[in-house]
Amino acid sequence: KMSKAAPTKRGPSAEGKLYLACYNALQCAGWGFILVRTLGFLLQNKCFHGLWPHVALPVEFFQTLALLEVVHCLVGLVATSPFLTLIQILSRLMVVWGILVPVPESQNQYGIVMLLVAWCLAEITRYAFYGATLYNSCPYFLAWCRYSFFLVLYPTGVTGEIVTMIAALPYIRQRGLFSIALPNLANFSFDYHTAVILIIASYVPFFPQLFGHLLKQRGKFLVPEGRREAALRLRETWPHRLCASTAFFGCSGLPQSETRAPFGRNLTFLLFYCWFRRNTHLRTKRQGLRNGRWGCKDGVVAGDIT
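Position numbers for residues count from 1 along each chain, tracking the sequence in the order it is written. Per-residue local features are limited, in this predicted model, to residues with pLDDT of at least 70; the limit for side-chain atom pairs, both in listing and counting, is 80 or more; totals at the level of whole chains, interfaces and linings are taken over all residues. Water and hydrogen atoms were dropped before computing side-chain values, which therefore reflect all heavy atoms in the structure.

- Under the annotation held in an unreviewed UniProt entry, the protein carries the name Very-long-chain (3R)-3-hydroxyacyl-CoA dehydratase and is attributed to Ixodes ricinus.
- UniProt positions are given in the numbering used here, feature names are shortened, and annotations may be inferred rather than shown by experiment. As its UniProt record puts it under Sequence similarities (unreviewed entry), the protein is described as follows: "Belongs to the very long-chain fatty acids dehydratase HACD family."
- What the UniProt record of the protein gives under Catalytic activity (unreviewed entry) is the line "a very-long-chain (3R)-3-hydroxyacyl-CoA = a very-long-chain (2E)-enoyl-CoA + H2O".

Now the structure itself:
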């Protein structure tokens with residue numbers, strides 16, 4: 001019997017691709033507009049006080065629009081984890097609608113610059129990359145930007161978010177913002193100040209998970225397939241090859257067929273060669289000192305290159 005062929009992975013339809021292309025283009029243009037306004041304000045005013053009101057409306061719109069990406073994952077338009085996507089989007093929405101909008105004092109601190117610049121650069125490269133890959137026309141430079149910029153932008157953005165939330169904590173407690181105190185008809189209490197602290201603490205387990213996911217994607221897109229497979233094979237087999245090479249030199253009982261491992265054999269030979277040269281050099285130097293052929297100058301043996 002002939003084995004059945006594995007089912008091919010289905011992508012979005014032509015209409016789905018067109019919709020995603022329009023969505024990515026809109027988001028890319030929107031975050032580009034926000035970046036231009038942010039940099040223009042900073043260059044003109046030389047400070048970040050008043051920056052948030054200058055860009056608040058487009059940031060609120062395009063960041064909230066990103067909730068559609070969770071829907072894209074759920075309906076199968078995008079092959080990405082909806083859970084990871086939701087976590088990343090909710091963290092930003094929390095900063096926008098839960099901190100910056102209701103607490104004006106949190107808008108005038110350096111964290112706002114960090115998160116705005118990091119968000120803009122990350123989203124511009126991300127949406128441009130997604131739009132180009134829909135039609136298999138993504139240049140390598142854009143892929144490199146997408147999976148290299150995050151190494152700096154992602155920690156910078158997360159730091160800006162945490163700094164902004166910490167700056168808002170005293171005002172949240174002072175005003176009792178979004179908090180529900182007892183007694184009430186529902187017999188339910190909620191402390192928004194404590195909730196923000198827990199959200200800040202949640203970055204500890206979730207940030208490595210999201211960052212690790214991006215690192216895996218970076219290896220997938222930027223490392224050539226042949227080099228990646230060779231690295232995996234080398235990582236998995238080098239201890240066995242080293243043992244096989246010791247068998248070649250008579251140090252193990254492995255069969256002769258296991259000794260044909262160039263990597264391990266060369267490594268063992270290199271170690272043996274270094275040991276032999278060092279011992280030969282030391283013996284020659286000691287013999288020269290005894291025979292008076294090596295002179296001493298300022299307490300250093302002449303001819304010693306170590």
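That covers the picture; the talk isn't over yet.
1. As for the environment of Phe83
Inference 1: Positionally, Phe83 belongs in helix α4 (residues 82-100).
Inference 2: When the C-alpha atoms of Phe83 and Val70 are compared, they prove to be 8.1 Å apart, with 13 residues separating the residues in sequence. A run of H or I in DSSP becomes a helix once it reaches four residues, and a run of E becomes a strand once it reaches two; helices and strands are each numbered from the N terminus.

2. Quick notes on the UniProt feature "transmembrane region" (unreviewed entry) in the protein
Inference 1: Using the residue numbers shown here, the UniProt feature "transmembrane region" (unreviewed entry) corresponds to residues 110-129, 149-172 and 192-211.
Inference 2: The span residues 110-129 is 95% helix and 0% strand, and its two end C-alpha atoms sit 29 Å from each other.
Inference 3: Within the segment residues 149-172, helix and strand shares are 96% and 0% respectively, and the terminal C-alpha atoms sit 34 Å apart.

3. Let's talk about the nonpolar core
Inference 1: Here, nonpolar core means buried Ala, Val, Leu, Ile, Met, Phe, Trp, Tyr and Cys residues that are tied together by side-chain atoms lying within 4.5 Å of each other. When accessible area is computed with a 1.4 Å probe and restricted to protein chains, residues below 20% of their type maximum are described as buried, those above 50% as exposed, and intermediate ones as partly exposed. Core analysis: the largest hydrophobic core is formed by 40 residues, its most contacted members being Trp52, Val59, Ile99, Leu116, Met165, Ile172 and Val196.
Inference 2: Going through the elements one at a time, α1 (14-45), α2 (51-65), α4, α5 (111-133), α7 (150-175) and α8 (192-222) are the ones with two or more residues in this core.
Inference 3: What Val196 contacts, discounting residues up to four positions off in sequence, is Met94, Ile99, Met165, Leu169 and Ile172.
Inference 4: In terms of nonpolar packing, the next biggest core, distinct from the first, is built from 13 residues, Ile87, Leu142, Tyr154 and Leu222 among them. Pairs of residues are marked as contacts when any of their non-hydrogen atoms sit within 4.5 Å.

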